[in-house]
Structures are given as C-alpha cells and as structure tokens.
Amino acid sequence: MDFKPNEFFLGLVDFIAILLPGCLLAGIFLMAEAQTPILKEPLYCIGLKDGVTVFFGIGYLFTGYTLGYFLSSTASCLDIVYDSIRDLIYPDKEAEIYSFSAHLLHLFFELEWKIKPNKALQQVEAIKPGKYLEGAVNHFQWSSIILDTYFPAAGEKASRSMAASKFFRSLVIVFLLAFALQWGQWLPKTISSSLWVGLTILSFREYVVQRQKSVQAAYRGMITFYHLPAEFKKELK
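Residues numbered from 1 in each chain as written. Predicted model: local features only at pLDDT ≥ 70, side-chain atom pairs only at ≥ 80, totals over all residues. Heavy atoms only, no water.

A.B. asks: For the overall build of the protein chain, give the residues involved together with the corresponding values.
C.D. replies: Within the protein chain, the secondary structure is distributed over 10 helices and 0 strands. Going from N to C terminus, the protein chain has its helices and strands arranged as α-α-α-α-α-α-α-α-α-α. The burial tally for the protein chain puts 37% of its 237 residues in the buried class. In the protein chain, 71% of the contacts between residues at least 6 apart in sequence involve partners at least 24 apart. Accessible surface, the protein chain: about 14,800 Å² in total, of which carbon and sulfur atoms supply 66%. (Helix = DSSP H or I, 4+ residues; strand = E, 2+ residues; numbered from the N terminus. Buried < 20%, exposed > 50% of the residue type's maximum accessible area, 1.4 Å probe, protein only. Contact = heavy atoms within 4.5 Å. Areas by Shrake-Rupley, 256 points an atom, 1.4 Å probe, with all protein chains shown as cover.)

Here you go:
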C-alpha cells in the first residue's frame, strides 16, 4: 500500500480537531473538580504523583478524545445558525438593498462593509445536474465528492479549512460550558466570565470564516476543473 502524505496529514488534522477541544474541556472539568474535590485532594494533584502520572495522562487523553467526539456531534447544531448567517452575508444573488444588520454581520465576519454575491455558487448551480441530485446532495457535498475522488490535491484545501471550522465549532461549546461553570461559581473566581464570552464570540467567528473558506475552495476547484482546456484534461488522465 502506497503511503499518501496528504491523506495522512488530513487524518492528523481531523484527529487534532477532535482531541484538542476534548482535552481542553477535560481540563476545565478538572479545574471545576478542584474547587470541590471528590476525594481528599483534587484529581489532578493525585494524577501528578509518582507512579500515577503515566496512567493519568493516558486516561486524560482518552477522556479528551471521547469528549471531543461528543463535542463535535453537539456542536453540529450550530450549522443551522451558520446557514442563516450565510444567506445574509454570502447571498447567491445581487440585491438592490441589504439590511443594516447584514452589513454589520459582514463587517464582523469578513472585515468588509460591502456585501458581494456568491458568484462561485451561481456557476456550480449551472453545471450541477439537478434531475437526480436535487434534495439529496447539496452543491458543496457534490463538489467535495468529485474533487476528493478525481482531484484530491485540489480537495485538500477545502478539507483543511473544514477541519479548522469543526475545531472552532467545538470550541464554541467548550467556552459556553466554561461560562456556565464560571457563572455557577464552579471555576476559580480569578477567571473573569467576560473571558469565556470573548473566546466564544471569537471561536464562532472563526468557525463561520473557515467554513465559508472551505465551501468557496470546493466551488472554485469544481469550476476550475470543469472548465479545464482539453489538453490539460488529457494530462490528468
């Protein structure tokens, strides 16, 4: 079996996107447990003792990875919010007037006041066969499947951004839980609740930005390869 660096890298990115948010949440839970220890002393203090450190570390990583999967599953509900924001600030058609709130959202996510129509989506809609695929596979899924199957190098950029978006999507849930624990006085008082609010907002922004980058990369890759000159298509075969 041939070793494929791109597939290994993407697998590693996906693994880290699951592991890191889970480990962060596990660490926050340990902070909360330290305020009212279950045993005579906090669990992290017990885990740092000689002879227990290795087992504690393995258990911590396993717990973090498990929590990461739960986080990823729970955070998928944010995709509905993303869809609403996308329709406002990444429209597929030009509008005569955009609402003030749409301009503010576009400024927050894209650091630009002017809203531009998503022309890449319009072109993908034109080349996607809709008779059998309508309602079953959306434009992004269709583009990603084709790129991953026939042009994996082009699909890699979209996959990286999507992995990053899932990472920040999970962080949104982590920081919301941390805020709830802070509000319930389960975390040290030295930590300000505004810190968790700020991290939640920044993580949500990055989630939306990275997801849109992934979508646009898939669309542009699909359009580019669809309109490749015949001589280039022969070289790819």
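A.B. asks: Which residues make up the packing of helix α8 (residues 152–183) against helix α9 (residues 193–226), and what values do they have?
C.D. replies: It is at 7 Å that the axes of α8 and α9 come closest, and there the two elements cross at 165°. When the interaxial angle is binned, α8 and α9 end up roughly antiparallel. Both α8 and α9 take part in a crossing whose hand is left-handed. Among the residues making up the contact of α8 with α9, the classes are represented as 19 nonpolar, 8 polar and 5 charged. (Axes fitted to C-alpha atoms, helices over the stretch in contact; angles between N-to-C directions. Parallel < 35°, antiparallel > 145°, perpendicular 65-115°, else oblique. Left-handed = near helix turned anticlockwise from the far one by under 90°. Nonpolar A, V, L, I, M, F, W, Y, C, P; charged D, E, K, R; others polar.)

A.B. asks: Give me the lowdown on the environment of Asp 148, citing residues and values where you can.
C.D. replies: Relative to the elements of secondary structure, Asp 148 occurs in helix α7 (residues 139–150). Asp 148 gets classed as partly exposed once you look at its relative accessible area, which sits at 44%. Sequence-wise, Asp 148 and Ala 158 are 10 residues apart; in three dimensions their C-alpha atoms are separated by 9.7 Å.

A.B. asks: An account of the layout of surface pockets is needed here, citing residue identities and associated values.
C.D. replies: Its boundaries defined by the atoms lining it, the second largest pocket holds a volume of some 480 Å³. Tyr 90, Glu 110, Gln 212, Gln 216 and Arg 220 are the residues nearest the centre of the second largest pocket, which is lined by 20 residues in total. Mapped by element, the contributors of at least two residues to the lining of the second largest pocket are α5 (100–110), α6 (119–127), α8 and α9. Here the element with the most residues in the lining of the second largest pocket is α9; it accounts for 7 residues. (1 Å grid on protein atoms, 1.4 Å probe; cavity = no way out; pocket = protein on both sides within 12 Å on 5 of 7 lines; lining within 4 Å. Points joined across faces, edges and corners; volume = space filled by probe spheres on them.)

A.B. asks: Which residues make up the environment of Pro 42, and what values do they have?
C.D. replies: Mapped onto the secondary structure, Pro 42 falls in the loop between α1 (5–35) and α2 (43–47). For Pro 42, a relative accessible area of 15% gives the class buried. The spatial distance from the C-alpha of Pro 42 to the C-alpha of Leu 30 is 7.9 Å, given a sequence separation of 12 residues. Apart from the residues lying within four places of it in its own chain, the contact partners of Pro 42 are Glu 33, Ala 34 and Pro 37.

A.B. asks: A description of unusual backbone geometry should follow, citing residues and the corresponding values.
C.D. replies: One non-glycine residue, Leu 111, adopts positive backbone phi at about 55°. Among the structural elements, Leu 111 can be located in the loop between α5 and α6. Relative accessible area serves as the criterion here: at 65%, Leu 111 is assigned to the exposed category. The phi torsion at Gln 185 lies on the positive side, around 60°, for a residue other than glycine.

A.B. asks: I'd like to hear about the confidence of the model for the protein chain, residue by residue, with values.
C.D. replies: In this model, the protein chain carries a mean pLDDT of 85, and residues with pLDDT of at least 70 account for 88%. No element of the protein chain has a lower mean pLDDT than helix α10 (residues 230–236), which averages 59, and none a higher one than α9, which averages 93. (pLDDT = per-residue confidence, 0-100.)

A.B. asks: Let's hear about the nonpolar core: which residues, and what values?
C.D. replies: Membership of the largest hydrophobic core comes to 43 residues, with the highest contact counts inside it found for Ile 28, Phe 109, Trp 196, Phe 204, Val 208 and Tyr 219. Sorting the residues of this core by element identifies α1, α3 (53–75), α4 (78–89), α6, α7, α8 and α9 as the ones contributing at least two each. Residue contributions to this core peak at 11 residues, all from α9. Residues contacting Tyr 219, with those up to four places away along its chain left out, are Asn 118, Ala 120, Leu 121, Val 124, His 139, Phe 140 and Ser 143. (Core = buried A, V, L, I, M, F, W, Y, C linked by side-chain atoms within 4.5 Å.)

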